[in-house]
Amino acid sequence: FYGTDDERIYYPVGEDMAYIYTADTDDVRSEGMSYGMMICVQMDKQEEFDRLWKWAKTHMQHKSGEFKGYFAWQMNTNGTIKDNTPAADGEEYFATSLLFASARWGNGEGIYNYNKEAQEILKTMLHQADDGQGVNMFNKEHKMPVFCPIGNAATFSDPSYHLPHFYELFAQWSYEEDRSFWEEAAKASREYLKKACHPVTGLCAEYAEYDGTPCTKGQNIWGRHDWYYSDAYRTIANIALDYAWFGADEWEVEEGKHFLKFFCETAGEEHQDGIFAIDGTVIPGKALHPVAMTAVNAQAGLLVQNEHALACVRKFWNTPLRTGNRRYYDNCLYFFAFLALSGNYRIY
């Protein structure tokens, strides 16, 4: 969070706000703001949490229109909108971090009534379109998060958006009428991840259809997202945290074995920072976020304790934080891995 301008991602604004800075694109994202809040509540940093939340609430959350109640996924640092569409991972992390803040610090007044704010986000995610306007963030038929709640992008998902360990908590703490949906969503996501992750390599695509197959929609708009690439790195970290918190499905252990074997034996040192088809085929080029890859590979050690896990944890321990323009994504996943592996990524 702190350090030189080549290191820090946390930028205070005025007396009571702050944002998480995405340096490579010179903007602020709902993903990063909600990640920052989760890091703060885990680290017992309430002042930083409140500053981030006020910036997000003030500038990112739509007050009207088809996205009312959602958060614009991409903002300029001056608080103006860069892209007004929402992305489900931001809302999921906002809601969970607020629920944890409520439990850890208690509720305040106004926007600092953390529990009330979390409940309204959860309600919006499931019911925003109930009046016929807009699109819900979860597909009611499949019980899964959509890639983003607009047009063609609402017809497929992103495996890294599937957070069954969060949905288990929503099933306990959300408004009572939605608890059964969240319970079903946790089960649906665990089954979906079995389909999205390759049975030999353990890799998944950035975007995937509701049946788990890599998504090729919108390639002329968004480019290729049917490979194991940036978004996809988070999936194994999510699976590992789900198992650490709930131990709900032994398949997750097998997934960890396949995933770690691929990186330690098949990919090897030569391709540790490569781009892959989900079957392990090497795609020409290098990953944009090699430190993030190192971090999530280590976090897979929560699933299985063997020589592959030890090698990945050792590599992570010896890898410094990233500096420069691409530090944001890499270092957020790095921070989450450190929290998880040290036993400090906790339910509050």
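What comes next concerns the included structure. (Residues numbered from 1 in each chain as written. Predicted model: local features only at pLDDT ≥ 70, side-chain atom pairs only at ≥ 80, totals over all residues. Heavy atoms only, no water.)

### Points about the overall build of the protein chain
Broken down by element type, the protein chain carries twelve helices and nine strands. Relative to the globule expectation of 20 Å for 348 residues, the C-alpha radius of gyration of the protein chain, 19 Å, shows essentially globular dimensions. Projected onto its principal axes, the C-alpha positions of the protein chain cover 55 × 45 × 40 Å. The 348 residues of the protein chain split such that 58% are buried. Restricting to contacts in the protein chain with at least 6 residues of sequence separation, those with at least 24 account for 63%. Carbon together with sulfur atoms contributes 49% to the accessible area of the protein chain, which is approximately 13,900 Å² in total. A distance of 2 Å separates the average location of the 31 positive side-chain charges in the protein chain from that of its 50 negative side-chain charges. (Helix = DSSP H or I, 4+ residues; strand = E, 2+ residues; numbered from the N terminus. Rg over C-alpha atoms; globule rule 2.2 N^0.38 Å. Buried < 20%, exposed > 50% of the residue type's maximum accessible area, 1.4 Å probe, protein only. Contact = heavy atoms within 4.5 Å. Areas by Shrake-Rupley, 256 points an atom, 1.4 Å probe, with all protein chains shown as cover. Lys, Arg positive; Asp, Glu negative; His and termini not counted. Charge placed at Lys NZ, Arg CZ, Asp CG, Glu CD.)

### Focus on the pattern of salt bridges
Pairing between side chains of opposite charge can happen when the charged atoms of each approach one another. Within this structure, the stated rule accounts for 22 salt bridges. A salt bridge links R29 to D27, with the nearest nitrogen and oxygen atoms 3.3 Å apart. Residue R29 shares its accessibility class with D27, and that shared class is buried. The residue E191 makes a salt bridge to K194 at a minimum N-O spacing of 3.0 Å. In this pair, E191 and K194 are both assigned in helix α6 (residues 179-196), three residues apart and thus about one turn of the helix distant. The structure contains a network of salt bridges with shared partners spanning E31, D89, D231 and R234. (Salt bridge = Lys/Arg side-chain N within 4 Å of Asp/Glu carboxyl O.)

### Looking at the packing of aromatic side chains
Considering all chains together, one arrives at 44 aromatic pairs under this definition. Judged by centre distance (5.0 Å) and plane angle (80°), the rings of F138 and W182 are edge-to-face. Of this pair, F138 sits in strand β6 (residues 138-139) while W182 sits in helix α6, placing them 44 residues apart in sequence. For the pair F138 and W182, a shared accessibility class is recorded, and that class is buried. Consider the rings of Y334 and F338, whose centres lie 5.7 Å apart with planes at 40°: the pair is tilted. With a gap of four residues between them, Y334 and F338 both fall in helix α12 (residues 327-341), about one helical turn apart. Look at Y334 and you get buried, because its relative accessible area is 9%. Of the aromatic side chains, those joined through ring pairs into one cluster are Y35, Y93, F100, F166, W173, W245, F336, Y345 and Y348. The residue whose ring lies beneath R8 is Y11, and the NZ or CZ to ring-centre distance is 3.7 Å. (Phe/Tyr/Trp six-rings, centres within 6.5 Å; stacked < 30°, edge-to-face > 60°. Lys NZ or Arg CZ within 6 Å of the ring centre and 35° of its normal.)

### Digging into the packing of helix α1 (residues 30-43) against α12
Where α1 meets α12, the closest approach of the two axes is 11 Å, and the angle between their N-to-C directions is 30°. Regarding the angle of α1 to α12, the classification is roughly parallel. Remark: the crossing between α1 and α12 carries left-handed chirality. Between α1 and α12, the contacting residues are E31, G32, Y35, M38, I39, Q42 and M43 on the first element and Y328, Y329, C332, L333, F335, F336 and L339 on the second. Residue composition of the contact of α1 with α12, grouped by class: eleven nonpolar, two polar and one charged. (Axes fitted to C-alpha atoms, helices over the stretch in contact; angles between N-to-C directions. Parallel < 35°, antiparallel > 145°, perpendicular 65-115°, else oblique. Left-handed = near helix turned anticlockwise from the far one by under 90°. Nonpolar A, V, L, I, M, F, W, Y, C, P; charged D, E, K, R; others polar.)

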